[in-house]
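Summary of structural features
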Amino acid sequence: ARPQPARGAAQGSDPLRGDLNLISFYYDLGVRQMLLAYNKDNQASGGCTEGHIGLTDFGKKVIQEMNRVGMVVDMSHMGYRATMEAFEVSSSPVIFSHSNPKGVRDHVRNITDEQIKACAKKGGVIAINGIGDFLGGKTSEVILQHIEYVIDLVGPEHVGIGLDYVVDKQELIDYIQGHPDVFPPERFNDYLSFVEPEQIPEITELLHKRGHSEQVISGVLGGNLLRVAKQVWK
C-alpha cells in the first residue's frame, strides 16, 4: 500500500503564487488545512492587521478549490471582512484554528461574536489560542474564560483548543522582530507568554469542575476539530 503523507497546514496562501493548481499539489504532499492570509493583505484575502480588502476573486476560487480537493479552510489571521465573505463562499465547514473572542479581550488577532456565530452556523470550530497577549494572561483559568465564552455563545460542539505553542522561543523572537510589517510592534507586545501544553490536564479538570460532560470535554480537547476533518478531508 502507498504510504499516506504526513498531514500539515499552511499559514497563508502566498505559497500558491497565484496558481490554483498548487492547491491539489500541496494536498498530495499532505497539506490538509490552509489560511488564506497571515495578518497582512495578500492576493487572496485581507489580513487581520490590515483588512483593507475582503476576499478577492482569486481568494474565492482558492476556497472553492480547497472545498473540491478536501482541504480545510482556516480563517485565523484573516481580516473581518474577508472572513464574513468566505463564510458565504465555502460549501464546507471552516475553522478558526487559533483565534480568541474579542468579547473577552480586544486584540487585533481576536475575532468578533459575529465571526464566531457565522463560523458555528457553517458547522465549524473556533479553537482557542494560548498566547497570553491574546488571552489577557496565561493561566488555565484565563484560557477557560475564552473557552466558556464561546461555549455560551454558540455551543460546545463548536469549540476547540489551538494553543499556537512555540518550542523554540528564540526562533519566534527572531522572526517577529525581523518582520515588523507582519507583526506591528504597537499591536504585538507580549508574544513570549504562552499557555503551556502541560496545562491541558488542569484545563480539563477545570472543565469538569464547571460541570461539563465527558462528551463536551472530549469535543473541546480535539473531537470537534476531528469531526470537521472527517467531513472535509477526502
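Here, residues in each chain are numbered from 1, in the same order as that chain's written sequence. In keeping with the predicted nature of the model, local features appear solely for residues at pLDDT of at least 70, side-chain atom pairs appear and are counted solely at 80 or more, and the whole-chain, interface and lining totals rest on all residues. Based on all heavy atoms of the structure, the side-chain values leave hydrogens and waters out of the count.

1. Observations concerning the side chain of Asn42
For the record, the criterion: Only DSSP runs of H or I reaching four residues or more are called helices, and only runs of E reaching two or more are called strands; each is numbered from the N terminus. Here the term buried applies to any residue with accessible area under 20% of the maximum for its type, exposed to any over 50%, and partly exposed to those in between, with areas from a 1.4 Å probe on protein chains only. Between N or O atoms, a polar contact is any pair within 3.5 Å; within protein, one atom must be a potential hydrogen donor and the other a potential acceptor, and residues adjacent in sequence are included only when both atoms are from side chains. Note on contacts: a residue pair qualifies if any of its non-hydrogen atoms lie within 4.5 Å across the two residues.
Of note, Asn42 is situated in the loop between β2 (31-35) and α2 (57-69). Since its relative accessible area comes to 16%, Asn42 is described here as buried. Within polar-contact distance, the side chain of Asn42 engages the backbone oxygen of Leu36 at 2.8 Å. For Asn42, the side chain forms a polar contact with the main-chain nitrogen of Ala44, separated by 2.9 Å. Not counting residues within four places of it along the chain, the set of residues in contact with Asn42 comprises Ser13, Asp14, Leu36, Ala37, Ile53 and Thr56.

2. Structural notes on helix α9 (residues 214-232)
Two residues of an α-helix separated by three or four positions point the same way, owing to the 3.6 residues in each turn. For clarity, the cut-off: Helix span is expected to be 1.5 Å times the residue number reduced by one. Bend at a given residue is defined as the angle between two axes, one fitted to the seven residues that end at that position and one fitted to the seven that begin there.
Between the first and last C-alpha of α9 there are 25 Å, a value that for 19 residues agrees with the 27 Å anticipated at 1.5 Å per step. Most pronounced at Val220, the bend in α9 amounts to some 70°. The inward-facing, buried residues of α9 abut β3 (72-74), β4 (94-96), β5 (125-128), α6 (140-154), β6 (159-161) and α8 (200-209).

3. Quick word on the pattern of salt bridges
The line we're drawing: By salt bridge we mean one thing: a side-chain nitrogen of Lys or Arg within 4 Å of a carboxyl oxygen of Asp or Glu.
Scanning all chains against the criterion turns up six salt bridges. The salt bridge partner of Arg81 is Glu85, with a shortest N-O separation of 3.2 Å. Taken together, the positions of Arg81 and Glu85, both in helix α3 (residues 80-89) and four residues apart, correspond to about one turn of that helix. You can call Arg81 partly exposed: its relative accessible area is 46%. Relative accessible area serves as the criterion here: at 26%, Glu85 is assigned to the partly exposed category.

4. Focus: the packing of aromatic side chains
Aromatic rings considered in pairs are described by the distance between their centres and by the relative angle of their planes. Where we set the bar: Here the aromatic set is Phe, Tyr and Trp, taking the six-membered ring for Trp, and pairing holds for ring centres within 6.5 Å; pairs whose planes are under 30 degrees apart are stacked, those over 60 apart are edge-to-face, and all others are tilted. Our definition puts a charge over a ring when NZ of Lys or CZ of Arg is within 6 Å of the ring centre and also within 35 degrees of the ring normal.
Going through the model one piece at a time under the given rule, you end up with seven aromatic pairs. Centroid distance Phe134 to Phe188: 6.2 Å. Interplanar angle 75°. Geometry classified as edge-to-face. Taken together, the residues span a long stretch of sequence, with Phe134 in helix α5 (residues 132-135) and Phe188 in the loop between α7 (169-178) and α8 at a distance of 54 residues. According to the relative accessible area criterion, Phe134 is buried, its value standing at 5%. By way of ring pairs, the aromatic residues Tyr38, Phe134, Tyr175, Phe183 and Phe188 are connected into one cluster. Lying across the ring of Tyr27, Arg32 places its NZ or CZ 3.6 Å from the centre.

5. Looking at the pairing of β2
Inclusion rule: When DSSP finds two or more bridges between a pair of strands, those strands are recorded as paired. Place the viewer so that the strands point away; then a crossover is right-handed whenever the path from the first strand over the helix to the second strand goes clockwise.
Most of β2 is tucked away, with four of its five residues classed as buried. Alignment of β2 against β3, held across three bridges, turns out to be parallel. Paired with Leu35 across the strands is Asp74, a residue of β3. Viewed along the sheet, the connection from β2 through α2 into β3 turns out right-handed.

6. Some details on unusual backbone geometry
Excluding glycine, a negative phi dihedral is what most residues carry, and trans is how most peptide bonds are arranged. For Arg17, which is not glycine, the phi dihedral falls at a positive 50°. Taking the relative accessible area as the measure of exposure, Arg17 reaches 73% and is therefore exposed. With a phi angle near 70°, Asn39 is a residue other than glycine that sits in the positive phi range. Of note, Asn39 is situated in the loop between β2 and α2. Judged by relative accessible area, Asn39 falls into the buried class, the value being 0%.

7. Considering the layout of surface pockets
Stated precisely, the cut-off is as follows: Cavity means a closed set of points on a 1 Å grid over the protein atoms alone, one where a 1.4 Å probe fits but cannot get out, pocket means an open set with protein on both sides within 12 Å along at least 5 of 7 lines, and lining means a residue has an atom within 4 Å of a point. Grid points are joined across faces, edges and corners, and a volume is the space filled by probe spheres set on the points. Basically, the charged four are Asp, Glu, Lys and Arg, the nonpolar ten are Ala, Val, Leu, Ile, Met, Phe, Trp, Tyr, Cys and Pro, and anything else, Gly included, counts as polar.
In this structure, the largest pocket spans a volume of roughly 420 Å³. Lining the largest pocket are 17 residues; nearest its centre among them are Gln11, Tyr38, Val166, Leu172 and Phe183. Looking at the lining of the largest pocket, the element that brings in the most residues is α7, giving four residues. Tallied by class, residues from the lining of the largest pocket come to 11 nonpolar, three polar and three charged.

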